[in-house]
Amino acid sequence: MMFKTDNSWKLITDAAGMTPVYFDAAEKIVTVHNTDTLPTLNGLSILDLEDFTLSRISITDSRLTDERIERTVLDLVSNQYKYFLGKDLTLNFRRNKMNKAIISILGPALMDQTLNLRENDELTVKIGNWMAREYKMNILEEDAEPSSTYLANTHLMNYSSYMKKDIELADEELDNFNSLYNLNDENLEARSSIEYNLLHKLNYRNEQKPMLIYDPFNVLAIQEIIYSFKDAAAFDPLTRINKIMHPAIDFYDFSEGMTLLQKYTKMKKQNQKMSEELKKVVVNQEFLREAETQGISVSENLDGKILDKGITVHPASQLISKDDIYEMTYVKNGPGMILVESYFNNPKNAHRIKVELNNELFNIDEFLEGKFIQSGSEINIKMYYERNYDAASWQKAGKITVKEID
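Here the structure is a predicted model, which is why all the values come from computation and not from measurement.

1. So, the pattern of salt bridges
It is possible for side chains of opposite charge to pair when their charged atoms get near one another. With the rule as written, the count across this model stands at nine salt bridges. Its salt-bridge partner being Arg 191, residue Glu 195 comes within 3.4 Å of it at the nearest N-O pair. Of the two residues, Glu 195 and Arg 191 both sit in helix H6 (residues 191-200), four residues apart, roughly one turn of that helix. An identical accessibility class is assigned to Glu 195 and Arg 191; each is buried.

2. Topic: the sheet that holds strand E25 (residues 400-405)
Read across the open sheet, the five strands follow the order E15-E16-E25-E19-E22; overall the sheet is antiparallel. Every other strand in the sheet has two partners, leaving strand E15 (302-307) and strand E22 (371-373) as the edge strands with one partner each. On average, each strand axis in the sheet is inclined to that of its neighbour by 20°, with strand direction left out of account. Here six bridges tie E15 to strand E16 (residues 310-315), and the two strands are oriented antiparallel to one another. Its bridge partner lying in E16, Asp 303 is registered against His 314. Across the face of the sheet, helix H10 (residues 285-293) comes into contact with E15 and E16 while running at roughly 50° to E15.

About the cut-offs
Residues numbered from 1 in each chain as written. Predicted model: local features only at pLDDT ≥ 70, side-chain atom pairs only at ≥ 80, totals over all residues. Heavy atoms only, no water. Salt bridge = Lys/Arg side-chain N within 4 Å of Asp/Glu carboxyl O. Helix = DSSP H or I, 4+ residues; strand = E, 2+ residues; numbered from the N terminus. Buried < 20%, exposed > 50% of the residue type's maximum accessible area, 1.4 Å probe, protein only. Pairing = 2+ DSSP bridges. Axes fitted to C-alpha atoms, helices over the stretch in contact; angles between N-to-C directions. Contact = heavy atoms within 4.5 Å.

In structure tokens, the structure reads:
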């Protein structure tokens, strides 16, 4: 933009100088033709067209908290869509948070506009079709060039990349850069890397632009406040834009190409599978070790408790198969009788759990009141179910106690 003040014509560019404007102080010319030798304007510089010197736009130091900066950014972008109502617009699309934010900002103006898929991988095409249906947009044919008046882009919304301080300049080059753009003031030294990155690492800065470029953060007020935030890790205006201006956009997961409903269904299946696997995990090692120490032989699918001159056992898992055999061999410590007791008080279904006691077959409820056994030194018990079960109640039903009676 050109303007006249104090009888002198002056020139400024947009906030980020997305279309480079080069100037030659010696020849006193201004050009937009790409050159590697001439300096270029940035958004904070004013070029005096009389003597071709640069001065800086005066910016008040921001004393806002990071939270307030986020709120201010939101206020500054919330009405930008109004400029595009009734105008011809193409949205450049990639699967990232920046595109979610620009869709949140432009949402009311996107109906019947054009969607340009910058990549043609399967996920991008899939999500692009979702967005096209959601906003009644037309997807640009592959290899076709946008022909709209305006092109919406998001490069400046990747503000964290311009904050990086690893600029590759020798000390003399850095001094020359700071001198040219009036960054020698100690209060502006921190701006060197930001302004250098904006001039040299803005991806589409040097591309030919046959249309007008819209980027939500190409506003001087926004540029200034986002580069004055203090806590880079916690500062996230893009998420705030999405959550407040268009929370429904997060129904779509751009990274995985899934909707929230699909993710929920997938996670539900995974949780069910994990639950099934956990049912198979038996934490009974302490019981097995203690039984071995007492000289009691038990199969690894049993859990229970060692008693004084006895043992109580039950299936270690509630996931029970009719092919499982639960076996225990108890060796008497001395003379006397053995009491074998069960606890399943359900005569109707008692036949579904069979118990072999020293090769003699019983239903489990036949030991409900306790059965005294006159036996030799060993008592062998095998138990099995006639059906498959997955229930704590059936696990509990297989509880049996063997105890010596003096």
